[in-house]
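One letter stands for each residue in the lines below.
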Amino acid sequence: MQCKKCGSVNELGAETCRKCGEALKPGFEAETTISLPPIDIEEELSEIKLTGEAGPVLIVKKGPYIGHKFNLTKDEITLGRDPGSDIFLDDITVSRNHAKITVDKNSVSIEDAGSLNGTYVNQEIIEESKILNSDDELQIGKFKLVFLSKK
């Protein structure tokens, strides 16, 4: 706990500053750890409904952007660590130009773009373009994404 008067660091829970004697006011401190309940991503995904004009989407289910939704609105979507990628996945396990998604009227497919760690669909590495089905799980580096489409 830091004294607001002199800046001295005191033991957590101390009532007075050991250096200047100033009364320490309890309250939120940077050293305080709080507990948050875990997010049940499976439950969150089950609540997402694709209706009307909603098109195909990718939702991050594991990785730094958990819960983030990417609408697949272009014909070609690039995924990678390059900030110019359509879907920017900022992690060293992701290649700069990792994969490409192609969207047409009848299907959505993904292909690896020569990445170092490969692109996985439902835990299987893909060697060529793979058509995606709703609820397929993609793995790109340490990111896991679920693909959802209109049914």
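Rules and cut-offs
- Residues numbered from 1 in each chain as written.
- Predicted model: local features only at pLDDT ≥ 70, side-chain atom pairs only at ≥ 80, totals over all residues.
- Heavy atoms only, no water.
- Pairing = 2+ DSSP bridges.
- Helix = DSSP H or I, 4+ residues; strand = E, 2+ residues; numbered from the N terminus.
- Buried < 20%, exposed > 50% of the residue type's maximum accessible area, 1.4 Å probe, protein only.
- Polar contact = N/O pair within 3.5 Å; in protein donor to acceptor, adjacent residues only side chain to side chain.
- Contact = heavy atoms within 4.5 Å.
- pLDDT = per-residue confidence, 0-100.
- Core = buried A, V, L, I, M, F, W, Y, C linked by side-chain atoms within 4.5 Å.

J.: Please explain the sheet that holds strand β4 (residues 87-88) as it appears in this structure.
T.: Strands belonging to one sheet form pairs held by backbone hydrogen bonds; the direction of such a pair is parallel or antiparallel. Across the sheet, which stays open at both edges, the five strands sit in the order β4-β3-β5-β6-β9 with mixed pairing between neighbours. With one partner strand each, in any of the chains shown, β4 and β9 (130-131) form the two edges of the open sheet. Pairing analysis gives two bridges linking strand β6 (residues 108-112) to β9, with the strands arranged antiparallel. Across the sheet, residue S109 finds its bridge partner in β9, namely I131.

J.: Please clarify how the side chain of E137 should be interpreted in this entry.
T.: Note on placement: E137 falls in strand β10 (residues 137-140). Relative accessible area serves as the criterion here: at 13%, E137 is assigned to the buried category. There is a polar contact of 3.0 Å between the side chain of E137 and the side chain of K61. Those residues within four positions of E137 in sequence are excluded, and the remaining contacts are K61, Y120, V121, N122, Q123, K144 and L145.

J.: Got a minute to help me understand the sheet that holds strand β7 (residues 119-121) in this structure?
T.: The strand order across the open sheet built from six strands is β2-β1-β11-β10-β7-β8, with neighbouring strands paired in antiparallel fashion. If you trace the sheet from one side to the other, it starts and ends with β2 (69-71) and β8 (124-125), each paired once.

J.: Mind showing me how you'd approach the side chain of S95 here?
T.: As for its position among the elements, S95 is in the loop between β4 and β5 (99-103). If we ignore the near neighbours within four places in the chain, the residues touching S95 are G80, R81, S115 and L116.

J.: Would you explain the pairing of strand β11 (residues 143-148) in this entry?
T.: On a regular strand, one side chain projects to one face of the sheet and the next to the other, so that they alternate. With six of its six residues buried, β11 lies for the most part within the structure. What you see with β11 is no split at all: F143, L145 and F147 on one side and K144, V146 and L148 on the other are buried throughout. In this sheet, β11 lies alongside strand β1 (residues 57-62) in antiparallel orientation, the contact comprising five bridges. Across the sheet, L58 pairs through a bridge with F147, a residue of β11. Across four bridges, β10 lies against β11 in antiparallel orientation. Paired with I140 across the two strands is F143, which belongs to β11. Hairpin geometry of β10 and β11 is characterised by an intervening segment of two residues between the two adjacent antiparallel strands and by a positive phi of about 60° at G141.

J.: It is not clear to me how the confidence of the model for the protein chain should be interpreted in this structure. Could you clarify?
T.: In low-pLDDT segments, the atomic positions of the prediction should not be examined closely. In the predicted model, the protein chain carries a mean pLDDT of 84, and the fraction of residues at 70 or more is 80%. Confidence over residues 49-53 falls short of pLDDT 50; this stretch has six contacts with residues more than four positions distant or in other chains.

J.: How should unusual backbone geometry be read in this particular structure?
T.: Both trends apply: most residues other than glycine have a negative phi, and most peptide bonds are in trans. A positive phi angle, close to 50°, is found at N122, a residue other than glycine. Residue N122 is classed as partly exposed on the basis of its relative accessible area, which comes to 38%. With a phi angle near 70°, Q123 is a residue other than glycine that sits in the positive phi range. You can see Q123 is positioned in the loop between β7 and β8. For Q123, a relative accessible area of 62% corresponds to the exposed category.

J.: What exactly am I supposed to notice about the nonpolar core here?
T.: It is characteristic of soluble globular proteins that their nonpolar side chains tend to be buried jointly. Formed by 22 residues in total, the largest nonpolar core has its most connected members in L58, L72, L79, I87, I101 and I110. Sorting the residues of this core by element identifies β1, β3 (76-80), β5, β6, β10 and β11 as the ones contributing at least two each. If near-sequence neighbours (up to four positions away) are discounted, I101 is found in contact with L58, L72, D75, E76, I77, L79, V108, S109 and I110.

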